[in-house]
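The chain contents come next:
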Amino acid sequence: METSELLKRVRKIEIKTRGLSSNIFAGEYHSAFKGRGMTFSEVREYQYGDDVRNIDWNVTARHNRPYVKVFEEERELTVMLLIDVSGSRNFGSVSKLKKNQITEIAAVIAFSAIQNNDKIGVIFFSDKIEKFIPPKKGRTHILHIIRELIDFYPEEKQTNIAVALEYLTNSIKKRCTCFLLSDFIDDHSFEHALSIANRKHDVVALRVYDRREKELPPVGLMYLTDAETGESMWVDTSDKNLRENYRKYALIEEKKLTDVFKRSGVDVANIRSDEDYVRALITLFKKRG
């Protein structure tokens, strides 16, 4: 993409998503964070009702009377975006590609973070780690992230969500809230990595899907190509049994994915690529609040 066209697209997304993060998500953003970190502040004498688990036994021994540790909520949070850049994100059967929906959602979260003085970083992944942008603050940093979201071209096409989650767990030492944006077209072997990541951090799944991944339209012969493997085939969508089997298979896969999130303790929002994502995000934030 030429520089001038890229800058126009960056500016367009900035205007739209910055307004959303300011006006719509202002009251909901911090509700998205569970278990915000606590830092040690001071010690003081024990008062009735204090949690005995916070007693500082060393200070208590020195003064011969009980003292407790006082903690305060961390004011600075770290937000990580795990962005699926595999081949399947380039699909879109209606008005918007999945990757464009993912870009806008990621930009809204990024601007919400910067307006709350939080750090934000990004991990782009396919079946490997494609790029890591360490967490920072500032508008220049956010615009760099948006440029990458728009114009990033991965080296690989396939998906391995477990690799991304393992990288997050190993590379980000401080507890963060991580938004995992993907269509989750994977073999679901990432459950173990997801559970571990969610114990160390707070992982939120944002699943972006296309309506045709759930059902096929009756339009006769269709030539379908797998964007990640390159395999192609002709499908007769006028066959009612074929369409019904396709729908049932999609439901089974969705149920498997839902169960993975439940067992891992991860909140999820399912967002269709051609629908407004605002309501889905606000509903998710309120649910977590």
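Conventions used here
- Residues numbered from 1 in each chain as written.
- Predicted model: local features only at pLDDT ≥ 70, side-chain atom pairs only at ≥ 80, totals over all residues.
- Heavy atoms only, no water.
- Helix = DSSP H or I, 4+ residues; strand = E, 2+ residues; numbered from the N terminus.
- Contact = heavy atoms within 4.5 Å.
- Areas by Shrake-Rupley, 256 points an atom, 1.4 Å probe, with all protein chains shown as cover.
- Buried < 20%, exposed > 50% of the residue type's maximum accessible area, 1.4 Å probe, protein only.
- Pairing = 2+ DSSP bridges.
- Core = buried A, V, L, I, M, F, W, Y, C linked by side-chain atoms within 4.5 Å.
- Axes fitted to C-alpha atoms, helices over the stretch in contact; angles between N-to-C directions.
- Left-handed = near helix turned anticlockwise from the far one by under 90°.
- Nonpolar A, V, L, I, M, F, W, Y, C, P; charged D, E, K, R; others polar.
- Salt bridge = Lys/Arg side-chain N within 4 Å of Asp/Glu carboxyl O.
- Parallel < 35°, antiparallel > 145°, perpendicular 65-115°, else oblique.
- Disulfide = S-S within 2.5 Å.

Colleague: Mind showing me how you'd approach the overall build of the protein here?
Modeller: When you go through the protein residue by residue, the secondary structure sums to eight helices and ten strands. Considering only contacts in the protein between residues 6 or more positions apart, those separated by 24 or more positions represent 75%. A total of about 15,300 Å² of accessible surface is found on the protein, and carbon and sulfur atoms cover 49% of it.

Colleague: What am I meant to see in unusual backbone geometry here?
Modeller: Trans is the prevailing form of peptide bonds, just as negative phi is the prevailing case for residues other than glycine. The phi torsion at N64 lies on the positive side, around 60 degrees, for a residue other than glycine. Residue placement: N64 occurs in the loop between α2 (57–63) and β2 (67–73). Of note, F184 is a non-glycine position whose phi angle comes to about 55 degrees, a positive value. As for its placement among the helices and strands, F184 is situated in the loop between β6 (177–182) and α6 (191–200). Note on F184: relative accessible area 3%, which makes it buried.

Colleague: Any chance you could explain the pairing of strand β9 (residues 232–236) here in plain terms?
Modeller: Successive side chains on a regular strand alternate, one facing one side of the sheet and the next facing the other. Taken together, the five bridges between strand β8 (residues 221–225) and β9 define a ladder with antiparallel strand orientation. When the bridges of β9 are listed, M222 appears paired with V235. Between β8 and the antiparallel strand that follows it, β9, lie six residues; G230 among them carries a positive phi value of about 85 degrees.

Colleague: What exactly am I supposed to notice about the nonpolar core here?
Modeller: Among soluble globular proteins, nonpolar side chains are generally buried collectively. If you look at the biggest cluster of nonpolar residues, it comprises 39 residues, and the most contacted ones within it are L81, I83, I105, F179 and L206. With ten residues, the top contributor of residues to this core is helix α3 (residues 98–115). In contact with I105, other than residues within four places in its own chain, are L181, L206, V208, I271, Y277 and L281. In terms of nonpolar packing, the next biggest core, distinct from the first, is built from 24 residues, L165, F190, A197 and L257 among them.

Colleague: Sorry if this is basic, but what is going on with the packing of α6 against helix α7 (residues 240–264) here?
Modeller: In helix packing, the relevant descriptors are the interaxial angle and the interaxial distance, both defined with respect to the helix axes. At a closest axis distance of 9 Å, the pairing of α6 and α7 adopts a crossing angle of 35 degrees. For α6 against α7, the interelement crossing comes out right-handed. Contacts from E191, L194, S195 and N198 in α6 reach V260, F261, R263 and S264 in α7. Along the lines of polarity and charge, the residues of the contact of α6 with α7 split into three nonpolar, three polar and two charged.

Colleague: Please explain the pattern of salt bridges as it appears in this structure.
Modeller: Think of it this way: side chains of opposite charge can pair up when their charged atoms draw near. Per the stated rule, a full pass over the model turns up 16 salt bridges. A salt bridge links D274 to R272; its shortest N-O distance comes to 2.7 Å. Overall, the relative accessible area of 22% leaves D274 in the partly exposed class. In this structure, a network of salt bridges that share partners links the residues K98, D183 and E213.

Colleague: Quick question: what am I supposed to make of the packing of α3 against helix α4 (residues 139–151) here?
Modeller: In contact at an axis separation of 10 Å, α3 and α4 are set at 170 degrees when each is read in the N-to-C sense. Taken together, the axis directions place α3 and α4 in an arrangement best described as roughly antiparallel. Of the residues in α4, those touching α3 at T103, A106, A107, A110, F111 and I114 are R139, I142, L143, I146, L149 and I150. Residue composition of the contact of α3 with α4, grouped by class: ten nonpolar, one polar and one charged.

Colleague: Help me understand the state of the cysteines in this model?
Modeller: Working definition of a disulfide: a covalent bond connecting the sulfur atoms of two cysteines. Under the criterion given, the structure shown has zero disulfides. With no disulfide of its own, C176 has C178 as its nearest cysteine by sulfur position, at a separation of 5.7 Å.

Colleague: Before we go on, may I ask you to explain the sheet that holds strand β10 (residues 267–272) in this structure?
Modeller: Across a sheet, paired strands are connected by hydrogen bonds in the backbone, their directions being either parallel or antiparallel. Strand order across the open sheet formed by six strands is β5-β4-β3-β6-β7-β10, with mixed pairing between neighbours. Strands with a single pairing partner mark the edges of an open sheet, and in this sheet they are β5 (129–136) and β10. Neighbouring strand axes in the sheet, compared pairwise and without regard to direction, differ in orientation by 15 degrees on average. When strand β7 (residues 202–209) meets β10, the two strands line up parallel, connected through six bridges. Bridged to V204 within β10 is D267.

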